[in-house]
Amino acid sequence: MTQPVQEETCVVVVGAGPAGLTVANMLHGAGIPCVVLERQSRAYAEQRQRAGIVETRAVRMFQDWGLDARVLGGAPSDDVLEVRVDGRHRLLRFGTDDDGPQALLCPQQVLVANLIATFLDDGGDLRFESSEVALDGLTGQRPTVRYRSPDGTMHEIACDFVAGCDGDHGASRAAVPEGELTAYPFDHGISWLTVLAEAPPPPHPLMAISRHGYAGHFARGPLASRFYLQCAPTDQADDWPDDRVWQHLRTRLGEDGLVAGPITEKVVFPLRSVVHEPMRYGRLYLAGDAAHVVSPVGGKGMNLALYDAEVFARAVRDFIADGDESGLNSYSRTCLHRTWNYQEFSRWMTEMLHDAGDDSRTGPFRRKLALARLDRLCRSRASSLAFAELMTGLA
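Residues numbered from 1 in each chain as written. Predicted model: local features only at pLDDT ≥ 70, side-chain atom pairs only at ≥ 80, totals over all residues. Heavy atoms only, no water.

Enquirer: I'd like to hear about the overall build of the chain, residue by residue, with values.
Expert: Summing up its helical and strand segments, the chain has 12 helices and 18 strands in all. Here the C-alpha radius of gyration of the chain, 22 Å, is about what a compact globule of 395 residues would show, namely 21 Å. The burial tally for the chain puts 52% of its 395 residues in the buried class. Of the roughly 16,900 Å² of accessible surface on the chain, 49% is carried by carbon and sulfur atoms. Of the charged side chains in the chain, 40 are positive and 52 negative, and the gap between their average positions amounts to 6 Å. (Helix = DSSP H or I, 4+ residues; strand = E, 2+ residues; numbered from the N terminus. Rg over C-alpha atoms; globule rule 2.2 N^0.38 Å. Buried < 20%, exposed > 50% of the residue type's maximum accessible area, 1.4 Å probe, protein only. Areas by Shrake-Rupley, 256 points an atom, 1.4 Å probe, with all protein chains shown as cover. Lys, Arg positive; Asp, Glu negative; His and termini not counted. Charge placed at Lys NZ, Arg CZ, Asp CG, Glu CD.)

Enquirer: Break down the nonpolar core for me, citing the residues and quoting the values.
Expert: Core analysis: the biggest nonpolar cluster contains 70 residues, and Val11, Phe62, Leu111 and Phe312 have the highest contact counts within it. Considering every element that reaches this core, the biggest residue donor is helix α8 (residues 301-322), with 10 residues. What Leu111 contacts, discounting residues up to four positions off in sequence, is Val54, Phe62, Val71, Leu72, Cys106, Met302 and Leu306. Of all hydrophobic cores here, the second largest spans 24 residues; its members include Val83, Val85, Met207 and Leu377. (Core = buried A, V, L, I, M, F, W, Y, C linked by side-chain atoms within 4.5 Å. Contact = heavy atoms within 4.5 Å.)

Enquirer: How would you explain helix α7 (residues 242-253) if you had to name every residue and give the values?
Expert: Here α7 spans 16 Å end to end across 12 residues, near enough to the 16 Å set by a 1.5 Å rise per residue. Taken together, the buried positions of α7 are Val245, Trp246, His248, Leu249, Arg252 and Leu253. Each buried residue of α7 lies within a common arc of 165° when the element is viewed along its axis, so the set occupies one face. Projecting away from the buried face of α7 at angles above 90 degrees are the exposed residues Asp243 and Gln247. Of the residues flanking the end of α7, it is Gly254, one or two places downstream, whose phi is positive at about 65°. (Expected span 1.5 Å × (residues − 1). Arc of directions from axis to C-beta.)

Enquirer: Tell me about the environment of Arg317, residues and numbers included.
Expert: The topology assignment puts Arg317 in helix α8. Among the residues examined, Arg317 registers a relative accessible area of 30% and is labelled partly exposed. Placed 195 residues apart in sequence, Arg317 and Asp122 show a C-alpha to C-alpha distance of 18 Å.

Enquirer: Before we move on, could you go through empty space enclosed by the protein and cite the residues and values that matter?
Expert: A complete count under the given rule lists 1 cavity of 30 Å³ or more for this structure. Lining the largest cavity we find Leu81, Val83, Leu92, Met207, Met349, Met352, Leu353, Leu374 and Phe387. Where the lining of the largest cavity is concerned, the elements lending two or more residues are β4 (80-85) and α10 (331-355). Per-element tally for the lining of the largest cavity: the top contributor is α10, with 3 residues. (1 Å grid on protein atoms, 1.4 Å probe; cavity = no way out; pocket = protein on both sides within 12 Å on 5 of 7 lines; lining within 4 Å. Points joined across faces, edges and corners; volume = space filled by probe spheres on them.)

Enquirer: Tell me about unusual backbone geometry, and please be specific about residues and values.
Expert: Apart from glycine, the bulk of residues carry a negative phi angle, and the bulk of peptide bonds sit in the trans form. Looking along the chain, the bond that leaves Glu277 and enters Pro278 is cis, with omega of -10°. One non-glycine residue, Glu129, adopts positive backbone phi at about 55°. With respect to the helices and strands, Glu129 occurs in the loop between β6 (125-127) and β7 (131-136). A relative accessible area of 44% places Glu129 in the partly exposed class. Its identity is not glycine, yet Glu132 carries a phi of approximately 55°, on the positive side. Residue position: Glu132 is located in strand β7.

Enquirer: Report on the pattern of salt bridges, specifying residues and quantitative values.
Expert: Pairing between side chains of opposite charge can happen when the charged atoms of each approach one another. Within this structure, the stated rule accounts for 26 salt bridges. Asp168 is the salt-bridge partner of Arg173, the closest N and O atoms lying 3.1 Å from each other. Between Lys266 and Asp242 there is a salt bridge, with its nearest N and O atoms 2.8 Å apart. In this pair, Lys266 is assigned in strand β15 (residues 263-277) and Asp242 in helix α7, connecting sequence segments 24 residues apart. With a relative accessible area of 25%, Lys266 lands in the partly exposed category. Assessed through its relative accessible area of 34%, Asp242 is described here as partly exposed. Taken together, the salt bridges that share partners define one network made up of Glu7, Asp125 and Arg127. (Salt bridge = Lys/Arg side-chain N within 4 Å of Asp/Glu carboxyl O.)

Enquirer: Explain the packing of helix α11 (residues 364-379) against helix α12 (residues 381-392) to me, and be specific about the residues and the numbers.
Expert: The interhelical angle for the contact between α11 and α12, taken along N-to-C directions, is 95°, at an axis separation of 5 Å. Classified by the interaxial angle, the pair formed by α11 and α12 is roughly perpendicular. Residues Arg376, Leu377 and Arg379 of α11 lie in contact with α12, whose contacting residues are Arg381, Ser383, Ser384 and Phe387. Residue classes in the contact of α11 with α12 are distributed as 2 nonpolar, 2 polar and 3 charged. (Axes fitted to C-alpha atoms, helices over the stretch in contact; angles between N-to-C directions. Parallel < 35°, antiparallel > 145°, perpendicular 65-115°, else oblique. Nonpolar A, V, L, I, M, F, W, Y, C, P; charged D, E, K, R; others polar.)

Enquirer: Now, about the packing of aromatic side chains: what can you tell me, with residues and values included?
Expert: For the structure shown, the criterion picks out 13 aromatic pairs. Ring geometry for Phe227 versus Trp246: centroids 5.5 Å apart, planes at 80°, classification edge-to-face. Separated by 19 residues along the polypeptide, Phe227 in strand β14 (residues 225-231) and Trp246 in helix α7 bring together distant segments of the chain. Given a relative accessible area of 1%, Phe227 falls into the buried group. Accessibility expressed as a relative area gives 6% for Trp246, which makes it buried. An aromatic cluster is built from Phe161, Tyr285, Phe312, Phe319 and Tyr331, whose rings are joined through pairwise contacts. A cation sits over an aromatic face here: Arg244 above Trp240, 3.7 Å from the ring centre. Of note, Lys300 hangs over the ring of Tyr342, and the distance from its end group to the ring centre comes to 4.5 Å. (Phe/Tyr/Trp six-rings, centres within 6.5 Å; stacked < 30°, edge-to-face > 60°. Lys NZ or Arg CZ within 6 Å of the ring centre and 35° of its normal.)

Enquirer: So, the side chain of Arg226: which residues are in play, and what are the values?
Expert: In this fold, Arg226 is placed in strand β14. Relative accessible area serves as the criterion here: at 3%, Arg226 is assigned to the buried category. A polar contact is formed between the side chain of Arg226 and the side chain of Thr194, at a distance of 3.0 Å. Among the polar contacts made by the side chain of Arg226, one reaches the side chain of Glu265 at a distance of 2.8 Å. (Polar contact = N/O pair within 3.5 Å; in protein donor to acceptor, adjacent residues only side chain to side chain.)

Without other data, these values stay purely geometric and don't point to any function.
This is the structure we're talking about:
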């Protein structure tokens, strides 16, 4: 049997999503060697559609590392969320009294493409189509990561640390022995039909509430939109032909003149959340969806991944520069504090936006409570500021 090609580096990053690519760019900028392994092709990684608003805290993070112009340049900013309740328009502002940068409407695939280009242009080592990834020796001083390259060659990389950024079903968390992590799952009991269409985007992110169910309309570029429709948990995408999609969008959004366009993607997915504790096992540090999944309401999933990435990158930088292990030792505790804060906010938003509409699931009492929450957000300065701090990531 042919022996694997033996290599060494400081950090192996498994997964080239927002978390992994942010880790890689930060480490590379700090002069710390790293190798990124990605199972998919570059084209697939750059075109993979995901939701995403880069919150103010993350904008500042990229500024601190000198990456903002290259990975966020050109993304429009906004601090307004439009909410329609039974067709009535209300605006929620999530700008704060701070004069700093606003949140940016940057689709995840744009951010990923920019992070890939930045890393490769600077000479980074990013290996696409890496299969059969396996992690060994995670509790030792020098763990190893094995993978098969596209030409069939096996490689074995010895390293100091592994950043597990390969998602909820990746090899990283699967490498942790059973019983070492505790999972906290939650099913929100709600499903969405997500629709990508060549249709004009709204002027602001739009969430609509009605007795017909929740609907959302978000920009995905100058000529594309992402729509969300609350649907039955048993629904399949085939249950929603294009005519039915546009009919429900016009009804729920209260917009009879909504311009239709070719639909390029339809997927039904359940809203769920899960947190795995701790986020570290030996020399493996889990980040992003490998550690936690958050309901998409509130746009916190990608931002949580970016936060994990920076905490890890700073910890490694401090250890390499000064031998300071405090950041590495506190990584899980630091990340989990924000994780649970964002999970609570996302659950609160999920309840409010869905309970305020169709009351067949939770009843009229819950609907009245949710409508009262919305009204308070729009009328109370203190409530709107608390909302803004959570939306911008500054809380």
